[in-house]
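# Descriptive analysis of the structure
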Amino acid sequence: MALYLPKTTKEGFEINYWIVQSIEIDREKETAIIRAVPYASQTAHQAGRKPVDSEKIIVRVKDIVYPSEEYGETMMHYTEYFSTEAIAASGKNIYQVAYEYIKGLPEFEGATDI
């Protein structure tokens, strides 16, 4: 599983193949950390080339609960996506859930499954 999302790095070269490199779940703190790394292409990844670490994206997922609506909207992202119950109910593995989650983020707008 991977995502296709073309971008140009700060150095000016093209990357377009993204994989979730790792997922860390902390059930006690109710947080998840997803590390997504890009490659120049799917071919580069399959050839064993290294990812473009300078462009990796680290996503921290947690629930945000405000005391009232005047402070902001409560978001239950960990509970809705990464809690044991949510993963079991989804019928997906943890990587499928992570890909689904990051595709909803602004950084991955327009990404398509490969």
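Rules used throughout
- Residues numbered from 1 in each chain as written.
- Predicted model: local features only at pLDDT ≥ 70, side-chain atom pairs only at ≥ 80, totals over all residues.
- Heavy atoms only, no water.
- Phe/Tyr/Trp six-rings, centres within 6.5 Å; stacked < 30°, edge-to-face > 60°.
- Helix = DSSP H or I, 4+ residues; strand = E, 2+ residues; numbered from the N terminus.
- Buried < 20%, exposed > 50% of the residue type's maximum accessible area, 1.4 Å probe, protein only.
- Core = buried A, V, L, I, M, F, W, Y, C linked by side-chain atoms within 4.5 Å.
- Contact = heavy atoms within 4.5 Å.
- Pairing = 2+ DSSP bridges.
- Salt bridge = Lys/Arg side-chain N within 4 Å of Asp/Glu carboxyl O.

Attention shifts here to the packing of aromatic side chains. All told, the structure shown has five aromatic pairs when counted by the stated rule. Seen in terms of ring centroids, Trp18 and Phe108 are 5.3 Å apart; in terms of plane orientation they differ by 80 degrees. Their pairing is edge-to-face. Placement of the pair is Trp18 in strand S2 (residues 14–26) and Phe108 in the loop between helix H4 (94–103) and strand S6 (112–113), with a sequence separation of 90 residues. Here Trp18 matches Phe108 in class, with each residue buried. For the pair Phe82 and Tyr101, a centre-to-centre distance of 5.7 Å together with 70 degrees between the ring planes defines the contact as edge-to-face. Pair noted here: Phe82 is in helix H2 (residues 77–82) and Tyr101 is in helix H4, with a separation of 19 residues, a long-range link. Taking relative accessible area as the criterion, Tyr101 reaches 7% and is therefore assigned buried.

With that settled, consider the nonpolar core. If you look at the biggest cluster of nonpolar residues, it comprises 29 residues, and the most contacted ones within it are Ile34, Phe82, Ile102 and Phe108. Looking at this core, the elements that each hand over two or more residues are strand S1 (3–8), S2, strand S3 (31–39), strand S4 (57–64), H2 and H4. With six residues, S2 is the single largest residue contributor to this core. Ignoring anything within four residues of it in the chain, the contact list for Phe108 reads Leu3, Leu5, Trp18, Ala36, Ile57, Ile102 and Lys103.

Time to look at the pairing of S2. Across four bridges, S1 lies against S2 in antiparallel orientation. The residue of S2 that forms the bridge with Thr8 is Glu14. Here S1 folds back onto S2, and the loop between the two strands holds five residues, one of which, Gly12, carries a positive phi near 100 degrees. The sheet contact formed by S2 and S3 spans nine bridges and is antiparallel. Residue pairing across strands places Ile23 opposite Ile34, the latter belonging to S3.

Below, the discussion takes up the pattern of salt bridges. Across all of its chains, the model carries three salt bridges by this definition. A salt bridge links Asp113 to Lys103; the nearest nitrogen and oxygen atoms lie 3.1 Å apart. Of this pair, Asp113 sits in strand S6 while Lys103 sits in helix H4, placing them 10 residues apart in sequence. We classify Lys103 as partly exposed; its relative accessible area is 31%.

Geometric values such as these leave the question of function open.
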